[in-house]
Amino acid sequence: MNENSTESMGGTTGNVLFVNLTDKSFRVEAVPENEYVKFLGARGMAAKLYRDLVDPQTDPFDANNKLIFFTGPLTGTQVPASTKFGLATKAPETGHYMCSNSSGDFGPYLKQNGYDGLVIEGESETPVALKIKKDNVEFLDASNEWGLTVEAVDKRVKKTHGDRASVMSIGPAGENMVKFACIQVDERSFGRGGGGAVMGKKKLKFVTVSAGEVVPVYDAQGLKETFAELSKTARKQKIGLVEFGTAQLMEVMNEAGALPTRNFDTAEFEGISKIDSQAMKKDYWVKNTSCYRCPVSCTKVCMVKEGPYSGAASDPEYETIWAFGAHCGISDFAVIIKANKLCDDYGMDTISSGYLAGMAMELSERGEITQEQTSGKKLAFGDSDSLIHILELISRREGIGALLADGCLGIIKEKPEWEESLLHVKGMPFSAYEPRALKGMGLAMGTSSRGACHNVGGWTISDELGSGKYDRYALEGKGELINRLQNTRAYIDSLGVCTQVRKALGFTDKPEEVILKQVTGHDLTPKLMEIGERVYNLERLVLVAEGVDRSDDQMPERMSVPLREGKAKGQSLNPEEYRVMLDEYYKVRGWDNEGVPTPEVIERLNL
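In this report, we go over the structure that sits alongside the text. (Residues numbered from 1 in each chain as written. Predicted model: local features only at pLDDT ≥ 70, side-chain atom pairs only at ≥ 80, totals over all residues. Heavy atoms only, no water.)

## Description of the pattern of salt bridges
Moving on, step 1. With the rule as written, the count across this model stands at 45 salt bridges.
Moving on, step 2. Residues Glu546 and Lys90 are paired through a salt bridge, measuring 3.8 Å at the closest nitrogen-oxygen approach. One end of the pair, Glu546, is in the loop between α21 (528-545) and α22 (575-589); the other, Lys90, is in strand β4 (residues 85-90), with 456 residues separating them in the sequence. By the burial criterion, Glu546 is buried, and Lys90 matches it.
Moving on, step 3. One network of salt bridges, with partners in common, ties together Glu362, Arg366, Glu368, Glu420 and Arg558. (Salt bridge = Lys/Arg side-chain N within 4 Å of Asp/Glu carboxyl O. Helix = DSSP H or I, 4+ residues; strand = E, 2+ residues; numbered from the N terminus. Buried < 20%, exposed > 50% of the residue type's maximum accessible area, 1.4 Å probe, protein only.)

So this is what it looks like as C-alpha cells:
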C-alpha cells in the first residue's frame, strides 16, 4: 500500500460521517490513508479533527462545538477486546479539549456500517435522535424519550430497532447539562469531562446503529490463525481481572497507604474489608460480562440482595468503589452498587459525582453547607443516605446540587472560599490515587491532557508499587516514566483496543509485531511509540491554543500537607518537590519552561 494514497488501509473504511443537527443533513468525507499512518485512529484521529474543526475560543455549550467520535484500525475486527472508540469535544467540566474512550458495541457497529468516524455538529431546537445505517442517517423525534433514564431509553430503542441495536444515549443529567454528565454506550460510557452535557445541549437524546458487514483487514487468514491463541494468552495474563475485576485494587491501594479517604484527609480506610474485592465477590457478585470480543470478562455485575437497596444491580469499577466508598467514608457495598446504578441511569460520571459528594460532606461537617441548601438533609461522611441524596440533587440541579452540577471550576467561581477543599487539575477532580503516597501519579494527573486523570495521564501503579524499578517517594526519574506511559497509552487508545489486553497483543512501551500488520497491511509497530508521542504533543498544542500553560499543570494546596498516618505517614507533595518532577518532565518532552512544545519537537513529529 502507498502511505500517501487516499485509499483506506486495512481495518479502516476511510470515511467519516458528518451529521448536522441544525439543518438535519449529513455528508460523508474521505480520510487520506497517510493521516491514519500518522495518527492511527480513535484518540489520535479525533484529536486531529478537533484541532481542524473546533476554534480555540469555542464555548463547550456553543452550537459550533463538535462531538467527534472515531474508531481505531483494530475496532470491530477479530482482534480480542477490539471494542474501543474515542471521543473528542470541548469539555464543560474543564472548559478545554477532552479525549475519552468507551467500550460497547457502538464503535464496532459504526465501522461495520462503513464509517471510521462520526462528527456531530450544530444544535437541534427539539429533542432528536439518530439512526445510522450504511449510506443513510434517519433523524428521529425523541420528544417521548426526553426525560427518561438511560436504561429506559435503551429498552425502548431495542424494542423498536431490534436487540442487536447498539445505543449511545444520555440521561436526565445530560439533559440538565450537569457538567460531568457522561454518554452511556450500551452498558459502558464516555465518562469524564461532560460529553453528555454537550449532547444534551444539542438536544440529542440517543444515537443507534446495528451490526453490519465484516470489517475488511489486510490478511484475514493470518489474523484468524493468530486470534484464538491471543485470546487464551490475554485471559491467562489477566486472571486476577477474570476473578475480581478492577475491584482487586482496593486491597492493594489501601495496604500501600495510597487509598484517598474522606476527601484526601488520610490514605487508609478502616472499613476496607466491607468494600474490597473479597466482600464484593462473596456477598454481591452475580456474574461476569464481556465487552465486544473480550476474553477477559472483567466487568462484575453485582446485586444487593437485602436491605433498603435490595434489587439494585450495577457493575462498579475500582475508581467508582473508591469514589462512593472510602472517599465518602462509606463502608457499605450495597450503597455503592445503588449509587453506581443511579449514575448509570442519570448519566453521570461516577468519579466526579462521588468526588463532589465527599467534598460536600466535608463542607457540611464544617458548617459551610447548611441543611437549608440540602432540602433538610444533613450531609456527613459515612452516611449512605447523604450520598444518595446528593446524587439526586445534582442530577436534578436542585438546592446545593445546582452548584455541584457545575463541577469544580463552577463551584470555585461562585464559592472561591471552598477552593482548598476541591482537589482537581484543570477542573477535573482527582481520582482514586493519593499523590503524596505515589508521587509519579501526582505528575501523571498534573500533566494529563484532560485534567486529573489516571488513564490519559499515565497509570504508575505497576511501576511505583510492583516493578521494583522506582521508589514511589522519589522525584528523579518520574518525568521520564510519565512521558513513556503517556506515549504508550496514547497509541493504544488510538488503536481501538482495550488497554487490559494490550500486553497479550504486544502493545507495550516496547511494541512487538503480532497482529497490527495483519490488520492494516502497514509495518506500523516500530513507529507506535512515536505515534503516541505525536498524539500527546498534538493534544498539548491544542491545549496551549486554548490557554493552558504551566500554571494549569500544578497540584492543589492540600497536597503540601503531610499525611498524618498510615504507610505513607509524613509524605507530602509540595510545590518545590513537584517542580523537580515537572521540570524534568518538560525537559524529557522537549517542551519549554511553560509547557509549550518547542519548534524542534513540532518539526520532528511532523505537526
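## Re the pairing of strand β14 (residues 299-303)
Moving on, step 1. For β14, a buried count of 4 out of 5 residues is recorded, marking the element as mostly surrounded by other parts of the structure.
Moving on, step 2. By the bridge criterion, 2 bridges tie β14 to strand β15 (residues 313-314) in an arrangement that is antiparallel. Bridge assignment links Cys302 to a residue of β15, and that residue is Ser314. (Pairing = 2+ DSSP bridges.)

## Some points on unusual backbone geometry
Moving on, step 1. Positioned with a positive phi, Phe264 is a non-glycine residue whose angle comes to about 65°.
Moving on, step 2. The residue Arg397 is not glycine, and still its phi comes out positive at about 55°.
Moving on, step 3. Following the sequence through the fold, Arg397 ends up in the loop between α14 (384-396) and α15 (400-404).
Moving on, step 4. For Arg397, a relative accessible area of 25% puts it in the partly exposed group.

## Quick notes on the packing of aromatic side chains
Moving on, step 1. Under the defined criterion, the tally for this structure stands at 14 aromatic pairs.
Moving on, step 2. On the basis of an interplanar angle of 75° and a centroid distance of 5.5 Å, the ring pair of Phe264 and Phe430 is categorised as edge-to-face. You can see Phe264 sitting in the loop between α9 (249-255) and α10 (277-283) and its partner Phe430 sitting in the loop between β17 (428-429) and α17 (439-447), a full 166 residues away along the chain.
Moving on, step 3. Residue class for Phe264 comes out buried when judged on its relative accessible area of 1%.
Moving on, step 4. Taking relative accessible area as the criterion, Phe430 reaches 0% and is therefore assigned buried.
Moving on, step 5. Centre to centre, the rings of Tyr586 and Trp591 are 6.0 Å apart; their planes meet at 40°, and the pair counts as tilted. Residues Tyr586 and Trp591 agree in their burial class; the two are buried. (Phe/Tyr/Trp six-rings, centres within 6.5 Å; stacked < 30°, edge-to-face > 60°.)

## Remarks on the sheet that holds strand β2 (residues 25-30)
Moving on, step 1. Spatially, 6 strands are ordered β2-β1-β6-β3-β4-β5 in an open sheet, and the strand pairing comes out mixed. Each of the sheet's edge strands pairs with one partner strand only, and the pair in question is β2 and β5 (97-102). Put simply, the sheet's adjacent strands are angled 20° from each other on average, direction ignored.
Moving on, step 2. Pairing of strand β3 (residues 67-71) with strand β6 (residues 117-121), which is carried by 4 bridges, proceeds in the antiparallel orientation. Residue pairing for β6: Ile68 is matched across the bridge by Val119.
Moving on, step 3. Running over the sheet, helix α2 (residues 42-53) touches β1 (15-20), β3, β4, β5 and β6 and is turned about 150° from β3. (Axes fitted to C-alpha atoms, helices over the stretch in contact; angles between N-to-C directions. Contact = heavy atoms within 4.5 Å.)

## Section: the sheet that holds strand β13 (residues 285-289)
Moving on, step 1. Ordered by their spatial adjacency, 3 strands build an open sheet running β13-β14-β15, and the pairing between neighbours is antiparallel. At either end of the open sheet lies a strand with only one pairing partner, and these are β13 and β15.
Moving on, step 2. With 4 bridges connecting them, β13 and β14 associate as antiparallel partners. Opposite Asn288, over in β14, you have Lys300 as the bridge partner.

## Topic: the nonpolar core
Moving on, step 1. Membership of the largest hydrophobic core comes to 153 residues, with the highest contact counts inside it found for Leu387 and Phe507.
Moving on, step 2. Sorting elements by how many residues they give to this core places helix α12 (residues 333-346) first, with 9 residues.
Moving on, step 3. Those residues in contact with Phe507 that lie beyond four places of it in its chain are Leu74, Tyr491, Ile492, Leu495, Val497, Arg502, Ile515, Leu516 and Leu528.
Moving on, step 4. Core analysis: the next-biggest nonpolar cluster, separate from the first, contains 29 residues, Leu110, Val128, Val137 and Ile183 among them. (Core = buried A, V, L, I, M, F, W, Y, C linked by side-chain atoms within 4.5 Å.)

## A few points about α14
Moving on, step 1. Taking 1.5 Å of rise per residue, the 13 residues of α14 would be expected to cover 18 Å, and the 19 Å separating its terminal C-alpha atoms lies within 8% of that figure.
Moving on, step 2. Burial analysis of α14 places 10 of its 13 residues in the buried class, which makes it a mostly covered element.
Moving on, step 3. The set of residues buried in α14 consists of Ser384, Ser386, Leu387, Ile388, Ile390, Leu391, Glu392, Leu393, Ile394 and Ser395.
Moving on, step 4. Where the residues of α14 are buried, they touch α5 (172-175), α11 (318-324), α12, α13 (350-365) and α15.
Moving on, step 5. The backbone nitrogen of Asp385 has a side-chain oxygen 3.0 Å away, supplied by the residue at the start of α14, namely Asp383.
Moving on, step 6. Arg397 sits one or two residues past α14 and shows a positive phi near 55°. (Expected span 1.5 Å × (residues − 1). Polar contact = N/O pair within 3.5 Å; in protein donor to acceptor, adjacent residues only side chain to side chain.)

## With respect to the side chain of Ser494
Moving on, step 1. Residue position: Ser494 is located in helix α19 (residues 478-495).
Moving on, step 2. Separated by 2.7 Å, the side chain of Ser494 and the backbone oxygen of Ala490 make a polar contact.
Moving on, step 3. Filtering out sequence-adjacent residues up to four positions away, Ser494 remains in contact with Phe39, Leu40, Gly41, Ala42, Arg43, Gly44, Gly72, Pro73 and Val535.

## A word on the environment of Thr208
Moving on, step 1. Inspection of the secondary structure assignment puts Thr208 in strand β12 (residues 204-210).
Moving on, step 2. Given a relative accessible area of 1%, Thr208 falls into the buried group.
Moving on, step 3. Linking Thr208 and Val542, residues 334 residues apart in sequence, is a C-alpha distance of 30 Å.
Moving on, step 4. When sequence neighbours within four positions are dropped, the list of residues in contact with Thr208 reads Phe106, Leu130, Lys131, Ile132, Val157, His161, Ala165, Ser166 and Val167.
Moving on, step 5. Polar side-chain contacts of Thr208 include one of 2.9 Å to the backbone oxygen of Ser166.

## Comments concerning the environment of Val54
Moving on, step 1. Considering the arrangement of structural elements, one finds Val54 in the loop between α2 and β3.
Moving on, step 2. Note: C-alpha distance between Val54 and Thr89 (35 residues apart in sequence) is 8.3 Å.
Moving on, step 3. If near-sequence neighbours (up to four positions away) are discounted, Val54 is found in contact with Asn65 and Lys66.

## Some thoughts on α21
Moving on, step 1. Helix length check: α21 (18 residues) gives 26 Å between terminal C-alpha atoms against 26 Å at 1.5 Å per residue, within 8%.
Moving on, step 2. With 14 of 18 residues buried, α21 lies mostly within the body of the structure.
Moving on, step 3. After α21 finishes, the residue Gly547 shows a positive phi value of roughly 105°.

## Thoughts on the pairing of strand β9 (residues 165-169)
Moving on, step 1. The element β9 is largely enclosed, with a buried count of 5 among its 5 residues.
Moving on, step 2. In the sheet, β9 pairs with β12 via 5 bridges, with the strands oriented antiparallel. Its bridge partner being in β12, Ser166 is matched across the sheet by Val209.
Moving on, step 3. With 2 bridges connecting them, β9 and strand β10 (residues 183-185) associate as antiparallel partners. Across the sheet, residue Met168 finds its bridge partner in β10, namely Val185.

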